[in-house]
Amino acid sequence: MTAKTKIPGASAAEASKGTQKKKINLALQGGGSHGAFGWGVMDKFLEDGRIEIEGVSGTSAGSMNAVVYAYGKLKGNDGAREALHNFWKAISDAGQRFAMPKMPWDTGGAKKENPLQDLMKSMMSVVSPYQMNPMNYNPLREVLEQQVDFEELENSESATKLFICATNVRTGKVKIFNTQEVTADVVLASACLPQVFQAVEIKGEHYWDGGYMGNPVLYPLFYYTESRDVVILHINPIERPGLPTTSADITNRLNEITFNSSLIKELRSVYFVQKLLDDGWIKDEHRDKLKYVLIHSVRADNAMSDLSSASKMNSEWKFLTTLRDRGRALASEWLEHNFDHLGVRSTVDLKKEFL
C-alpha cells in the first residue's frame, strides 16, 4: 500500500495467517454517502482474511463498492482495501467542490435539516434534471473512471463475479449487468436517481437507479455462484423506532420502506424454497435442482438510526470515515458471532423477520 493511504488495522495478509477461509456472496445495498458504512464492513471482512468473496450483487452506492472492490481485488485483499479507501477519498474530494454551505447547527445527523437542501428538493419536484442540468454533468463519472480501469476488470479471468442492478425505464424491469458488461455507464445507471440525473442510456435502453427493482437483487447469486451463503449488507434500516411526524422524517421513512420492499419479497421467496426442502415436499430426484441458500444479514438499523436522509448527501471526509468505522465495528461484532455458522446454517430467521 502507498504511504499516503491510511487504513486501520492489520494488513489482510497478516490477519489471515493460519486461518481457514469460507466462501460467501455479498449483497450490497445503496444509500448515497451512507455507502461508506458498507465500505467499512467490507474493509473489516478483507482485513480479517477468513472470508473469500465469490460474487457481489450491488445497487447504487452498493454497486460502486462492488466494482471498486472487484478492481482492487485483482491485487489481493490489501489491494481491495486500498482501492475502496482511495475511491471514497476521491468521492469526498469531488463532493466538496459542489457541497452546499453548512448551517451552524449542521452535524450531518438527524437534529436539523439544511434549509438549502429543502430548497433544492423543492426545485427538483418541479424542474427535471433535463432542465436543471441540460449538459448532463455527473461528477461521479470522473471519479469512477479515475479509480477503476474497467477494461482491465472486464478482461481479467480472476475478476470477482459482479451483478450490478439497474431499472429499465421503458419496461420497468430489473436489468443485471455482469462483470464483462460493467462500465462507468452501468455503475452510473445503477445509481441514477431520476429526480437528480438524466437516465443513463446503454445500448439503446435507458436506466434509472436499481433500488426501485432490487436493493440489492439476490437471485443472480443463487444461479451463477457455487457458494450457498449470501451475506446481505443492509444500509437502509428495515426497522426504525418512533413515529415520523415531520415532512422530512415521513419522506425518509417512506424511502426506506420503498427501497427495502423488493429485497424483502426475495427473502420471502427464499424462505418458501427452504420450507419446501425442509419439509420434504420435493422428490429426492429433484432436490439437487434447488440450492438451499443460507441467508445472513449485517444490518445498520441501530448503527445508522441517528442519521437523517439529508446526511446521505454529506461527503465530508470526517463523516465518511466515521461511517467506515461504524461499519468496521459492526462487521467485527458480526464475525465474532456468525463466522462459525457460515456454510452451516442461516443466521437470519426469515419467517420471524420477514413473514
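How each quantity is defined
Residues numbered from 1 in each chain as written. Predicted model: local features only at pLDDT ≥ 70, side-chain atom pairs only at ≥ 80, totals over all residues. Heavy atoms only, no water. Helix = DSSP H or I, 4+ residues; strand = E, 2+ residues; numbered from the N terminus. Buried < 20%, exposed > 50% of the residue type's maximum accessible area, 1.4 Å probe, protein only. Contact = heavy atoms within 4.5 Å. Salt bridge = Lys/Arg side-chain N within 4 Å of Asp/Glu carboxyl O. Core = buried A, V, L, I, M, F, W, Y, C linked by side-chain atoms within 4.5 Å. pLDDT = per-residue confidence, 0-100. Expected span 1.5 Å × (residues − 1). Bend = angle between axes of the 7 residues up to and from the residue. Patch = residues over 30% accessible without salt bridge, like charges linked within 9 Å, V, L, I, M, F, W, Y side chains within 5 Å. Areas by Shrake-Rupley, 256 points an atom, 1.4 Å probe, with all protein chains shown as cover. Lys, Arg positive; Asp, Glu negative; His and termini not counted. Charge placed at Lys NZ, Arg CZ, Asp CG, Glu CD. Polar contact = N/O pair within 3.5 Å; in protein donor to acceptor, adjacent residues only side chain to side chain. Phe/Tyr/Trp six-rings, centres within 6.5 Å; stacked < 30°, edge-to-face > 60°. Axes fitted to C-alpha atoms, helices over the stretch in contact; angles between N-to-C directions. Left-handed = near helix turned anticlockwise from the far one by under 90°. Pairing = 2+ DSSP bridges.

*Asks:* Pulling in residues and values, what's your account of the overall build of the protein chain?
*Replies:* A count of helices and strands for the protein chain gives 14 helices and 8 strands. By the burial criterion, 52% of the 355 residues in the protein chain qualify as buried. Sequence separation of at least 24 residues holds for 77% of the intrachain contacts in the protein chain that already meet a minimum separation of 6.

*Asks:* Give me the pattern of salt bridges: which residues, what numbers.
*Replies:* Once their charged atoms are close, side chains differing in charge can pair, the charge on each being opposite to the other. Here the structure, examined in full by the defined rule, presents 18 salt bridges. Between arginine 253 and glutamate 256 there is a salt bridge, with the nearest N and O atoms lying 2.8 Å from each other. Here arginine 253 pairs with glutamate 256, and both are found in helix H11 (residues 247–278), just 3 residues apart, close to one helical turn. Looking at arginine 253, the relative accessible area reads 17%, which means it is buried.

*Asks:* Mind laying out the nonpolar core, listing which residues take part and the relevant values?
*Replies:* Ranked by internal contacts, the top residues of the largest apolar core, which has 65 residues, are Leu26, Phe37, Phe45, Val67 and Tyr69. Counting residues per element, this core draws most heavily on helix H4 (residues 76–96), at 8 residues. Residues in contact with leucine 26, not counting those within four places in the same chain, are Met42, Phe45, Ile53, Gly55, Val56, Ser57, Leu221 and Val231. Within the second largest apolar cluster, 21 residues are counted, among which are Ala27, Ile232, Leu263 and Ile264.

*Asks:* Could you give me a rundown of the confidence of the model for the protein chain, with the residues and numbers involved?
*Replies:* Across the protein chain, the average pLDDT comes to 89, with 87% of residues at 70 or higher. For the stretch residues 107–112, pLDDT sits under 50, and the model shows 11 contacts to residues farther than four places along the chain or on other chains.

*Asks:* Lay out H11 with the relevant residues and their values.
*Replies:* For H11, with 32 residues, the first-to-last C-alpha span of 45 Å sits near the 46 Å given by 1.5 Å per residue. Along its length, H11 reaches its greatest deviation from straightness, about 40°, at serine 261. Backbone geometry just after H11 places glycine 280 at a positive phi near 70°.

*Asks:* Can you break down a negative patch on the surface residue by residue, with the values?
*Replies:* Taken together, Asp149, Glu151, Glu152 and Glu154 make up a surface patch of like negative charges. As for its position among the elements, glutamate 152 is in helix H8 (residues 150–155). Overall, the relative accessible area of 36% leaves glutamate 152 in the partly exposed class.

*Asks:* Quick one: what's the story with the side chain of serine 92, residue by residue and with numbers?
*Replies:* For serine 92, the position within the fold is in helix H4. Reaching out from serine 92, the side chain makes a polar contact with the backbone nitrogen of tryptophan 317 at a distance of 3.1 Å. Apart from residues lying up to four places away in sequence, serine 92 is in contact with Ser315, Glu316, Trp317 and Leu320.

*Asks:* Outline the side chain of histidine 296, supporting the account with residue identities and numerical values.
*Replies:* By the element assignment, histidine 296 lies in strand E8 (residues 294–299). Residue histidine 296 is classed as buried on the basis of its relative accessible area, which comes to 0%. Reaching out from histidine 296, the side chain makes a polar contact with the side chain of threonine 347 at a distance of 2.8 Å.

*Asks:* Please provide a residue-by-residue account of the packing of aromatic side chains, values included.
*Replies:* Under the counting rule described, the total for this entry stands at 9 aromatic pairs. Seen from their ring centres, tryptophan 39 and tryptophan 88 are 6.3 Å apart, and the 5° between their planes marks the pair as stacked. Linking tryptophan 39 in helix H2 (residues 35–48) with tryptophan 88 in helix H4, this pair joins segments that are 49 residues apart in sequence. Since its relative accessible area comes to 3%, tryptophan 88 is described here as buried.

*Asks:* Go over a nonpolar patch on the surface with me, naming the residues and quoting the values.
*Replies:* Together, Val169, Leu193, Val196, Trp208, Tyr212 and Met213 make up an exposed nonpolar region whose accessible area comes to about 420 Å². Within the fold, tryptophan 208 resides in strand E6 (residues 205–209). Judged by its relative accessible area of 30%, tryptophan 208 falls in the partly exposed class.

*Asks:* I'd like a rundown of the environment of histidine 341, residues and numbers included.
*Replies:* With respect to the helices and strands, the residue histidine 341 is situated in the loop between helix H13 (317–338) and helix H14 (350–354). Judged by relative accessible area, histidine 341 falls into the partly exposed class, the value being 24%. A sequence separation of 47 residues divides histidine 341 from leucine 294, and the C-alpha atoms of the two residues are 9.6 Å apart. Residues contacting histidine 341, with those up to four places away along its chain left out, are Lys22, His296 and Thr347.

*Asks:* Help me get a handle on the packing of H4 against H13, residues and values and all.
*Replies:* Look at H4 against H13: their axes get within 9 Å of each other, and the N-to-C directions meet at 145°. Regarding H4 and H13, the two cross each other, and that crossing is right-handed. Residues Arg81, His85, Trp88, Lys89 and Ser92 of H4 pack against Trp317, Leu320, Arg324 and Arg328 of H13.

*Asks:* Summarise the environment of isoleucine 295; cite the residues concerned and give the values.
*Replies:* Locating isoleucine 295 in the fold gives a position in strand E8. Linking isoleucine 295 and threonine 347, residues 52 residues apart in sequence, is a C-alpha distance of 6.4 Å. Excluding residues that lie within four positions of it along the chain, isoleucine 295 makes contacts with Val230, Ile232, Leu267, Val270, Ser346, Thr347, Val348 and Leu350.

*Asks:* Break down the pairing of E6 for me, with residues and values.
*Replies:* Examined bridge by bridge, strand E3 (residues 161–168) and E6 share 3 bridges and lie antiparallel to one another. By the bridge assignment, alanine 166 is partnered in E6 with aspartate 209. Linkage of strand E5 (residues 200–202) to E6, two consecutive antiparallel strands, is achieved through a turn of 2 residues, within which lysine 203 is found at a positive phi near 50°.

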